[in-house]
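Chains, contacts and geometry: an overview
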Amino acid sequence: MFQEKYEKLVHGKEMVESSLHRHLIEHLNAEIVLGTITDIAVAMNWIRSTYLYVRALKNPKHYGIPIGLTSKEVEARLQDMCLRELHALENHQLVITSDLAYNVEATENGKLMAKYYIAFDTMKIFMMVKGTENLAEMLELLSQCHEFDDVQLRTNEKACLNLMNNQKEQEIIRFCLEGKIKTRQMKTNCLIQSVLGCMQISDPSLRQESVKIIRLAQRLLNGLSLYLWPKNFYQALASALILNKCVHARLWENSPFVCRQLPGIGSVLAAQLVSAKKNTFQSILESNPRDLERVLSIFNINNSYLNIEYSFSARNCFYNKKKLIRFPKKKKNRFMNKRNRRVCSLFFVQHRKIEFLLVAYEESVFYNLIFFIIN
């Protein structure tokens, strides 16, 4: 079935239908904000210029229009559809329509909806905010947004999601959901909390889906914060702003893994810093650089050998305890490519500290590498 469908598309035998009728209200609002549509008459002319108008005349059944109507009757149905969506925008105070001239003008909420590409159903959810929502309730409201309708709860994902939700000892899921994961809203809520709790999601599909959900949540929370800003909903605004910052940082506001916001610090290095009680930026800033190197294991030192990787070409490298290491200079360029890279391994004497200083200076023939060995 699907093979036949795509073969027709490749050979140009399958007609491509319009999907504008599914999101007509969002497109009308965007055109009003841009100034393309200024009154109802212009809106009717705009609908005639769309691909929806072309396909509705040839295949009206696909768009919910009865078969056998004339072109004028089909056009009248499309105009009724357009008027119905305009009235819905007006009823929710997204546009303003004058009674006499039928002029259409966007409100601040309508501009906000167009700026952040927010669906009309999501704006209706935003308008249901009472003003007393805490962080958990704001997260639940976010997971109900229309933008997450593409998220599907698959049968093989329920076990993994329920396991994530029931890990109360590790406190990864800050606001545990009651019962089992049964809906897409609960799945969205669980995945957002798992990302903010720095949890390693084992399932590849869930991991990929969580990236998409976080990206959508950032845009929605930006719009929600600006929607609540002019209102007197202080508690809801504070919850929305905190959740917005948490989603952008991918961390809870009270998380000890604050160092994950630094470039190059992942989950492993962050866990090492937290175990060393480096759980604030101030503690990291006040730490000795040698302590950070020791905690993060930057230098690979153990009881068997010490590895030093040069940034220049080395061949026939000899080591003597109290003498210089000399090796011939091959090229004038002191930077090396990957092909010429060599690693010099020095045996590490147990119970002895080796502090080394790399001094590379250019002579006519040699580079010198000096080691200081301190008992």
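Residues numbered from 1 in each chain as written. Predicted model: local features only at pLDDT ≥ 70, side-chain atom pairs only at ≥ 80, totals over all residues. Heavy atoms only, no water.

- Where an unreviewed UniProt entry is consulted, the protein appears under the name DNA 3'-5' helicase, with the organism given as Rhynocoris fuscipes.

Regarding the overall build of the protein
- On a plain count of helices and strands, the protein comes out with 15 helices and 6 strands.
- Counting over 375 residues, the protein shows a buried share of 38%.
- Taken as a whole, the protein presents about 23700 Å² of accessible surface, with 53% of it coming from carbon and sulfur. (Helix = DSSP H or I, 4+ residues; strand = E, 2+ residues; numbered from the N terminus. Buried < 20%, exposed > 50% of the residue type's maximum accessible area, 1.4 Å probe, protein only. Areas by Shrake-Rupley, 256 points an atom, 1.4 Å probe, with all protein chains shown as cover.)

Points about the environment of histidine 248
- Considering the arrangement of structural elements, one finds histidine 248 in helix H12 (residues 234-249).
- Residue classification places histidine 248 among the partly exposed positions, given a relative accessible area of 38%.
- Between the C-alpha atoms of histidine 248 and alanine 217, which are 31 residues apart in sequence, the distance is 8.9 Å.
- Excluding residues within four positions of it along the chain, histidine 248 makes contact with Gln218 and Asn222. (Contact = heavy atoms within 4.5 Å.)

Here we look at a nonpolar patch on the surface
- There is a patch of nonpolar side chains on the surface, built from Phe2, Tyr6, Leu9, Met15, Val16, Tyr51 and Val54 and spanning about 700 Å² of accessible area.
- Every element with two or more residues in the nonpolar patch is listed here: helix H1 (2-10) and helix H4 (51-58).
- Among the elements that make up the nonpolar patch, the one with the highest residue count is H1 (3 residues).
- Positionally, valine 16 belongs in the loop between H1 and helix H2 (24-34). (Patch = residues over 30% accessible without salt bridge, like charges linked within 9 Å, V, L, I, M, F, W, Y side chains within 5 Å. Salt bridge = Lys/Arg side-chain N within 4 Å of Asp/Glu carboxyl O.)

Some remarks on the packing of aromatic side chains
- In the structure shown here, the tally under the stated rule is 2 aromatic pairs.
- A ring pair is formed by phenylalanine 126 and tyrosine 227, whose centres lie 6.5 Å apart and whose planes are at 35 degrees; its orientation type is tilted. Here phenylalanine 126, found in helix H7 (residues 120-126), pairs with tyrosine 227, found in helix H11 (residues 204-228); they are 101 residues apart in sequence, far enough to count as distant. The pair phenylalanine 126 / tyrosine 227 is uniform in exposure class, with both members buried.
- Arranged with centres 5.7 Å apart and planes meeting at 90 degrees, the rings of phenylalanine 175 and tryptophan 252 form a pair that is edge-to-face. Here phenylalanine 175 is found in the loop between helix H9 (158-165) and helix H10 (184-196), whereas its partner tryptophan 252 is found in the loop between H12 and helix H13 (267-275), with 77 residues between them in sequence.
- In this structure phenylalanine 175 comes out as partly exposed when scored by relative accessible area, which is 24%.
- For tryptophan 252, a relative accessible area of 7% translates into the label buried.
- A cation over an aromatic ring shows up here: arginine 174 above the ring of tryptophan 252, its NZ or CZ 4.9 Å from the ring centre. (Phe/Tyr/Trp six-rings, centres within 6.5 Å; stacked < 30°, edge-to-face > 60°. Lys NZ or Arg CZ within 6 Å of the ring centre and 35° of its normal.)

Remarks on the layout of surface pockets
- Volume-wise, the second largest pocket comes out at about 380 Å³.
- Elements supplying a minimum of two residues to the lining of the second largest pocket: H2, helix H6 (108-115) and H11.
- Sort the elements by how many residues they give to the lining of the second largest pocket and H2 lands first, with 4 residues.
- Across the lining of the second largest pocket, the residue classes tally to 7 nonpolar, 4 polar and 6 charged. (1 Å grid on protein atoms, 1.4 Å probe; cavity = no way out; pocket = protein on both sides within 12 Å on 5 of 7 lines; lining within 4 Å. Points joined across faces, edges and corners; volume = space filled by probe spheres on them. Nonpolar A, V, L, I, M, F, W, Y, C, P; charged D, E, K, R; others polar.)

Concerning the environment of serine 210
- Relative to the helices and strands, serine 210 resides in helix H11.
- For the pair formed by serine 210 and threonine 188, sequence separation is 22 residues and the distance between their alpha carbons is 8.1 Å.

Here we look at the packing of H2 against H6
- Direction vectors running N to C along H2 and H6 enclose 110 degrees, while the axes themselves pass 9 Å from each other. It follows that H2 is roughly perpendicular to H6 by the angle criterion. Handedness of the crossing formed by H2 with H6: left-handed. Where H2 abuts H6, its residues Glu26, Asn29, Ala30 and Val33 lie against Gly110, Lys111, Met113 and Ala114. (Axes fitted to C-alpha atoms, helices over the stretch in contact; angles between N-to-C directions. Parallel < 35°, antiparallel > 145°, perpendicular 65-115°, else oblique. Left-handed = near helix turned anticlockwise from the far one by under 90°.)

Notes on the packing of helix H8 (residues 135-143) against H12
- Viewed as axis vectors pointing N to C, H8 and H12 meet at an angle of 70 degrees, and their least axial separation amounts to 9 Å. Relative to H12, the element H8 lies roughly perpendicular. Helix-helix and strand crossings are classified by hand; for H8 and H12 the assignment is right-handed. Across from Leu135, Met138, Leu139 and Leu142 in H8, the residues of H12 making contact are Ala236, Ser239, Ala240, Ile242 and Leu243.
- Residues that form the contact of H8 with H12 fall into these classes: 8 nonpolar, 1 polar and no charged.

A short note on the pattern of salt bridges
- Applying the stated criterion to the full structure yields 11 salt bridges.
- Note that glutamate 75 is salt-bridged to arginine 48, the shortest N-O span being 2.3 Å. Within this pair, whereas glutamate 75 is found in helix H5 (residues 71-91), its partner arginine 48 is found in helix H3 (residues 40-48), the two being separated by 27 residues in sequence.
- A salt bridge links arginine 184 to aspartate 149; the shortest N-O distance between them is 2.5 Å. You can see arginine 184 sitting in helix H10 and its partner aspartate 149 sitting in the loop between H8 and H9, a full 35 residues away along the chain.
- On the accessibility criterion, arginine 184 (19% relative accessible area) is buried.

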